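# Tertiary structure, described
Chain by chain, the residues run as shown.
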Amino acid sequence: DIQMTQSPSSLSASVGDRVTITCRASQSMSNYIAWFQQKPGKAPKSLIYDATSLQSGVPSKFSGSGSGTDFTLTISSLQPEDCATYYCQQYNSFPLTFGGGTKVEIK
Amino acid sequence: EVHLLESGGGLVQPGGSLRLSCAASGFTFSSYAMSWVRQAPGKGLEWVSSFSGRTSSTYYAESVKGRFTISRDNSKNTLYLQMNSLRAEDTAVYYCAKASGVIIDFGYWGQGTLVAVSS
């Protein structure tokens, strides 16, 4: 099984800051990585697929990068509406697995 | 516009059964893989099961294998999850998810349905 280790588990940043969340896979894999945003009481929303592709309708302030075992989600300029928990997920092989989540708050 | 609507959740006793449904609209249902993902209260996301769109292959997490069965009725644009021998640790919000394309991923999500297993 591919384990996804996400860091940090939480972060607090100021409005306008650049925020980076990382996800490390337990083994090298193709770019079948997705990132999701989940706000309290709501379903997850897909932001990024195939490590770098922006899902339709998602603002360009979100971007994904990485390869091999290390992947990154970046929010270029943090806004209050970005407060949420973010998850990475691999769909390279079964079982499909998620990272533990990163809770993003405004300082 | 893609729309996924889960139903069938509720309170069930340990050892009991429940069948979840996910009604889909806004896309050609038979062409896409569909999945179930769950989230226990206050916890992260856990993949449960997937049903491929092209090959009719099914996949399960070890935690539910042998107890849960995923199925789909393409004539009704509906995905199902039959859950038997339910345990307290199956308590969660269950989400239905549609693949973005050929690969089994979670491009679109429903709003979820809560399953509570308790005596």
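Because the structure is predicted, anything quoted here is derived from the model rather than measured. (Residues numbered from 1 in each chain as written. Chains lettered and ligands numbered in written order. Predicted model: local features only at pLDDT ≥ 70, side-chain atom pairs only at ≥ 80, totals over all residues. Heavy atoms only, no water.)

## So, the sheet that holds strand S8 (residues 78-83) of chain B
Sheet strands associate in pairs through backbone hydrogen bonding, adopting either a parallel or an antiparallel arrangement. Residue and element names in this part refer to chain B. One open sheet accounts for 4 strands, arranged S1-S3-S8-S7; its pairing is antiparallel. One side of each edge strand has no neighbouring strand; the edge strands of this open sheet are strand S1 (3-7) and strand S7 (68-73). Neighbouring strand axes in the sheet, compared pairwise and without regard to direction, differ in orientation by 15° on average. As defined by bridge partners, S7 adjoins S8 across 6 bridges and the pair is classed as antiparallel. Across the sheet, residue Asp73 finds its bridge partner in S8, namely Thr78. (Pairing = 2+ DSSP bridges. Helix = DSSP H or I, 4+ residues; strand = E, 2+ residues; numbered from the N terminus. Axes fitted to C-alpha atoms, helices over the stretch in contact; angles between N-to-C directions.)

## With respect to the state of the cysteines
Residues and elements named next belong to chain A. Under the criterion given, the structure shown has 2 disulfides over all chains. With a sulfur-sulfur separation of 1.9 Å, Cys23 is cross-linked through a disulfide to Cys88. Torsion about the S-S bond of the Cys23 and Cys88 cystine: about 45°, corresponding to right-handed handedness. Of the two residues, Cys23 is situated in strand S3 (residues 19-29) and Cys88 in strand S8 (residues 84-90); the sequence distance between them amounts to 65 residues. Residue classification places Cys88 among the buried positions, given a relative accessible area of 0%. In this model Cys83 remains outside any disulfide bridge; the closest cysteine sulfur is found in Cys88, 20 Å from its own. (Disulfide = S-S within 2.5 Å. Buried < 20%, exposed > 50% of the residue type's maximum accessible area, 1.4 Å probe, protein only.)

## Focus on the packing of aromatic side chains
For the structure on display, the rule yields 12 aromatic pairs over all chains. Ring geometry for Phe36 of chain A versus Trp109 of chain B: centroids 5.4 Å apart, planes at 80°, classification edge-to-face. With Phe36 of chain A in strand S4 (residues 33-38) and Trp109 of chain B in strand S10 (residues 108-109), this pair bridges two chains. Judged on exposure class, the residue Phe36 of chain A and its partner Trp109 of chain B are both buried. Each residue in the set Phe36 and Phe98 of chain A together with Tyr95, Phe106 and Trp109 of chain B is aromatic and connected to the rest through ring pairs, giving one cluster. The aromatic ring of Phe29 of chain B is capped on one face by Arg72 of chain B, whose charged end is 4.4 Å from the ring centroid. Above the face of the Tyr32 of chain B ring, Lys98 of chain B is positioned so that its terminal group lies 3.7 Å from the ring centre. (Phe/Tyr/Trp six-rings, centres within 6.5 Å; stacked < 30°, edge-to-face > 60°. Lys NZ or Arg CZ within 6 Å of the ring centre and 35° of its normal.)

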